[in-house]
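Listed below are the residues making up each chain.
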Amino acid sequence: MTTRTKTKFAAEADEAVVEPEQLRRATLASSVGSALEYYDFYIYGLASALIFGPLFFAPLGPDGALIASFATYGVGFAARPFGGLIFGYIGDRFGRKMVLILTIALMGTASFAIGLLPTFEQAGMLGAVLLVTLRIVQGLGAGAEQAGATTLISEVAPRRRRGFFASLPFVGIQLGTLLGAGTFALIAMADKSVLQGWLWRVPFLASFILIVIAIFIRLKLKETPAFQELEKHKNVVKNPISALWKHSRKNVLIGIGLRMGENGNSSIYSALLVSFMSMPAGVFAGNNSIGPVGLLIAAGFAAVLVVTFGALSDKYGRVPIYRYGALFQAIIAVPAFYLVTLGNVTLVWVVMAVGIAIGVQSMLGPQCPLLPELFGSQYRFTGVAMSREISAVLAGGLAPLLGALMLAATNHSWLVLAIYSLVLALISFVTTFFTPETAGRDLVSTEDAR
């Protein structure tokens, strides 16, 4: 029997064990969770750029308030690795389903509560303290949400189409972006006194709807085949965190490196660039709608392209698609951010669409299956969570804060954004040369990819 024939039979056998109903529910459950996380992500990011500074940190002045606002944004990312550790442990020890219910409830409740906070004018610094506290709680839940969704769908999907199915839930990211950016694009048109008076609360309070839907769907999920096999053969490890650091430190570092260009540029384009354009010294000073509208456009294209790049990784491999995506993001960095300074709204929207929909998604698409495929089944959840969330602090969380500091130090030079974007993309590009090809791996295996 030829290798090609063996591969064909293996693929057909793999398809036979996939439960269509479980695959459908897993895709839907992961997608709704992704939508809520990124709805929260974008409304908080946009609120940090446009609203929270004057509402909660007014005594610090315009630049100080913006830096403090982005610091609270970064605090949420700082909490994510701890959430990843806690819920990754639970996911590898007691199952994926339980974690997906816990994280969505924690994250959504915190977002809802942000909409009820008193401002500085109403309660002094108490509002800021509560904002930071809730952002930490939000970060703890988000720290395992995407890791859980990615692990769940990858362990349920047929291996020869894992890239396609694993990227489908990330359409939920674009849905969350569309909801978050669309909401802010609408409310930004309101009178400033109304916006800062009560209207800013509406997007946070509305997250309650997504919480209820997500929990209802996730309660109907089954446990994944990989975890069922671990339980069946009594291979569940008592301390997945210890096992991960003992056997898979290299793959965690690879995961972190791969994420720097994707996650960092996502934050740069979606939060820092929006703030750069609308700040007093920006090319669109005082206009709070251009950025959110640009995100809407970009999210529409990204919803299609993330799945496209995921499917391409099934055909051509995870590493080549990722490598050329990172290289593309690096190449466009300087010209993209220069074009933003020309004051042409259409050019700004093109830059955001290309950077987010092509640059970021060309890395995110293959990343969806690649991270779970890097790790053995005994500590996969923890491995994915650590790779995602440590990089989320280093890239996504620090990008707006460091960017705001550097913009203030350089008299708001666009070159700061370009160089930052370029460096992060190059880190991911270099990392791909140390990354094993993982397409088609058996995720029931307890062995890591080599």
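In this report, the structure presented in the accompanying data block is examined. Nothing here was measured: the structure is a model prediction, and the numbers come from that model.

## Re helix 7 (residues 126-156)
Link 1 in the chain: Under the 1.5 Å per step criterion, the end-to-end length of helix 7 is 45 Å for 31 residues, consistent within 8% with the ideal 45 Å.
Link 2 in the chain: Across the 31 residues that make up helix 7, a large majority, 23, are buried.

## Here's the deal with the pattern of salt bridges
Link 1 in the chain: All told, the structure shown has 13 salt bridges when counted by the stated rule.
Link 2 in the chain: Across the salt bridge formed by Arg318 and Glu373, the nearest N and O atoms sit 2.8 Å from each other. In this pair, Arg318 is assigned in helix 17 (residues 318-340) and Glu373 in helix 18 (residues 345-374), connecting sequence segments 55 residues apart. For the pair formed by Arg318 and Glu373, the shared burial category is buried.
Link 3 in the chain: Glu389 is the salt-bridge partner of Arg388, the closest N and O atoms lying 4.0 Å from each other.
Link 4 in the chain: The buried category is assigned to Arg388, whose relative accessible area is 2%.
Link 5 in the chain: Since its relative accessible area comes to 0%, Glu389 is described here as buried.

## Re a nonpolar patch on the surface
Link 1 in the chain: Taken together, the side chains of Val334, Leu415, Ile419, Val423 and Ile427 make up a nonpolar region of the molecular surface, amounting to roughly 360 Å² of accessible area.
Link 2 in the chain: Residue contributions to the nonpolar patch peak at four residues, all from helix 20 (residues 414-431).
Link 3 in the chain: The topology assignment puts Val334 in helix 17.

## Quick word on the packing of aromatic side chains
Note on aromatic pairs: each is described by the distance of the centres and the angle between the planes.
Link 1 in the chain: Within the structure shown, the criterion is met by five aromatic pairs.
Link 2 in the chain: For the pair Phe112 and Phe208, a centre-to-centre distance of 5.9 Å together with 50° between the ring planes defines the contact as tilted. Placement of Phe112 in helix 5 (residues 96-114) and of Phe208 in helix 12 (residues 207-218) is noted, with a sequence separation of 96 residues between them.
Link 3 in the chain: Ring centres 5.1 Å apart and planes at 80° place the aromatic pair Phe164 and Phe165 in the edge-to-face group.
Link 4 in the chain: On the accessibility criterion, Phe165 (14% relative accessible area) is buried.
Link 5 in the chain: When the ring centre of Phe433 is taken as origin, the NZ or CZ atom of Arg323, which lies over that ring, is 3.9 Å away.

## So, the packing of helix 7 against helix 18
Link 1 in the chain: At their nearest, the axes of helix 7 and helix 18 sit 9 Å apart, and the two run at 80° to each other. It follows from the interaxial angle that helix 7 and helix 18 lie roughly perpendicular. Taken together, the residues of helix 18 that come into contact with helix 7 (itself represented by Thr150, Thr151 and Ser154) are Cys368, Pro369 and Pro372.
Link 2 in the chain: Here the residues of the contact of helix 7 with helix 18 are counted per class, giving three nonpolar, three polar and no charged.

## With respect to the packing of helix 17 against helix 20
Link 1 in the chain: At a minimum axis distance of 8 Å, the contact between helix 17 and helix 20 shows a crossing angle of 170°. Here helix 20 runs roughly antiparallel to helix 17, going by the angle between their axes. From helix 17, Tyr322, Arg323, Ala326, Leu327, Gln329, Ala330, Ala333, Val334, Phe337 and Tyr338 reach across to helix 20, where they touch Trp414, Leu417, Ala418, Ser421, Leu422, Ala425, Leu426, Ser428 and Phe429.

Calculation rules
Residues numbered from 1 in each chain as written. Predicted model: local features only at pLDDT ≥ 70, side-chain atom pairs only at ≥ 80, totals over all residues. Heavy atoms only, no water. Helix = DSSP H or I, 4+ residues; strand = E, 2+ residues; numbered from the N terminus. Expected span 1.5 Å × (residues − 1). Buried < 20%, exposed > 50% of the residue type's maximum accessible area, 1.4 Å probe, protein only. Salt bridge = Lys/Arg side-chain N within 4 Å of Asp/Glu carboxyl O. Patch = residues over 30% accessible without salt bridge, like charges linked within 9 Å, V, L, I, M, F, W, Y side chains within 5 Å. Areas by Shrake-Rupley, 256 points an atom, 1.4 Å probe, with all protein chains shown as cover. Phe/Tyr/Trp six-rings, centres within 6.5 Å; stacked < 30°, edge-to-face > 60°. Lys NZ or Arg CZ within 6 Å of the ring centre and 35° of its normal. Axes fitted to C-alpha atoms, helices over the stretch in contact; angles between N-to-C directions. Parallel < 35°, antiparallel > 145°, perpendicular 65-115°, else oblique. Contact = heavy atoms within 4.5 Å. Nonpolar A, V, L, I, M, F, W, Y, C, P; charged D, E, K, R; others polar.

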